[in-house]
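Given next are the chains, with one letter for each unit.
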Amino acid sequence: LLVDNLLSKSEILEATQSNFVVVDKDLNIVFRSPQPLEKHQLERNNLRPGDLFSCINAVHSEHGCGSSVNCPHCKLRRSIYEVQRDNHSVETEVVLTLSNNTMISLLITATPFSYEDHKFIAVLLRNISDKRRIEMMEHLFFHDMLNLTGTLNNFIDLMKNDKSPEVYEEIKKLSGMIVDQVTSQRDLIYAEDGTLTCEPGEIDVNDILNGLYIAQKRIAISKNKVLDGEFLKEPVAVETDPRLLSRVLLNMIKNAME
């Protein structure tokens, strides 16, 4: 009773971005940390983990979690079945695609136990999506930095024999891109801890578009992609933070090329 009352204080698990559920042999949830359920979940008699998280396969299947043709391949379900089969704890990471087409990364710890001759599995599910997203951004940052610095070194070597203005301009451009990458990573860190500030000013839309085109044209060519677009026929000024706007648009272009 004490533990039940303790777990009923939802802010305890919410503070750790975790869910706690107990499932039976059919993966029906017999206990869960109290959180509001969506309408389609309330209508279900047998609620399973995929229903709880609004997994896209569960939501779009008539009988919910476990009834989709994709469910036998679900790592979450397979991990829980492994606990049942081998009667030992399992800790693993799973990724679910949700009904709103976003993805969530979960670190799950599943442990078997018995109560009154019935077997159950206690499952702790921790949301680590933010951690994985930050790791991905850091990976992309170092990848881009290594590419830029490598190219810069090549041009510096080239300049030993070729001191043409074109080579100098390429070196200048690359050094500016490196500074921009470092600034971008700094802004990301500031955004994560809530200290990023907006500094609005009046800018010309074509200036932003031209800057993005110049910065990404060579990268697009290296990936066998065509970077194309139309500039505005007449100058249009907007009030915004040019640094943050460029960062958002630059990431959209990078995603498109990927």
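As the structure is a computational prediction, the values presented were derived from the model and not from experiment.

## Regarding the layout of surface pockets
In step 1: Looking at the largest pocket, its volume works out to about 1,100 Å³.
In step 2: Looking at the largest pocket, it is lined by 39 residues, and the ones nearest its centre are D144, Q181, Q216, I219 and K254.
In step 3: Contributing elements (two or more residues each) for the lining of the largest pocket: α7 (129-159), α8 (165-192), α9 (205-222) and α10 (242-257).
In step 4: In terms of residues, the lining of the largest pocket owes the most to one element, α8, which gives 11 residues.
In step 5: Residue composition of the lining of the largest pocket, by class: 17 nonpolar, 11 polar and 11 charged.

## Concerning unusual backbone geometry
In step 1: Here S54, not a glycine, exhibits a phi torsion of approximately 60 degrees, which is positive.
In step 2: Residue classification places S54 among the buried positions, given a relative accessible area of 6%.
In step 3: Look at E116: it is not a glycine, yet its phi comes out positive at around 50 degrees.
In step 4: Among the structural elements, E116 can be located in the loop between β4 (103-115) and β5 (118-127).
In step 5: Look at E116 and you get exposed, because its relative accessible area is 59%.

About the criteria used
- Residues numbered from 1 in each chain as written.
- Predicted model: local features only at pLDDT ≥ 70, side-chain atom pairs only at ≥ 80, totals over all residues.
- Heavy atoms only, no water.
- 1 Å grid on protein atoms, 1.4 Å probe; cavity = no way out; pocket = protein on both sides within 12 Å on 5 of 7 lines; lining within 4 Å.
- Points joined across faces, edges and corners; volume = space filled by probe spheres on them.
- Helix = DSSP H or I, 4+ residues; strand = E, 2+ residues; numbered from the N terminus.
- Nonpolar A, V, L, I, M, F, W, Y, C, P; charged D, E, K, R; others polar.
- Buried < 20%, exposed > 50% of the residue type's maximum accessible area, 1.4 Å probe, protein only.

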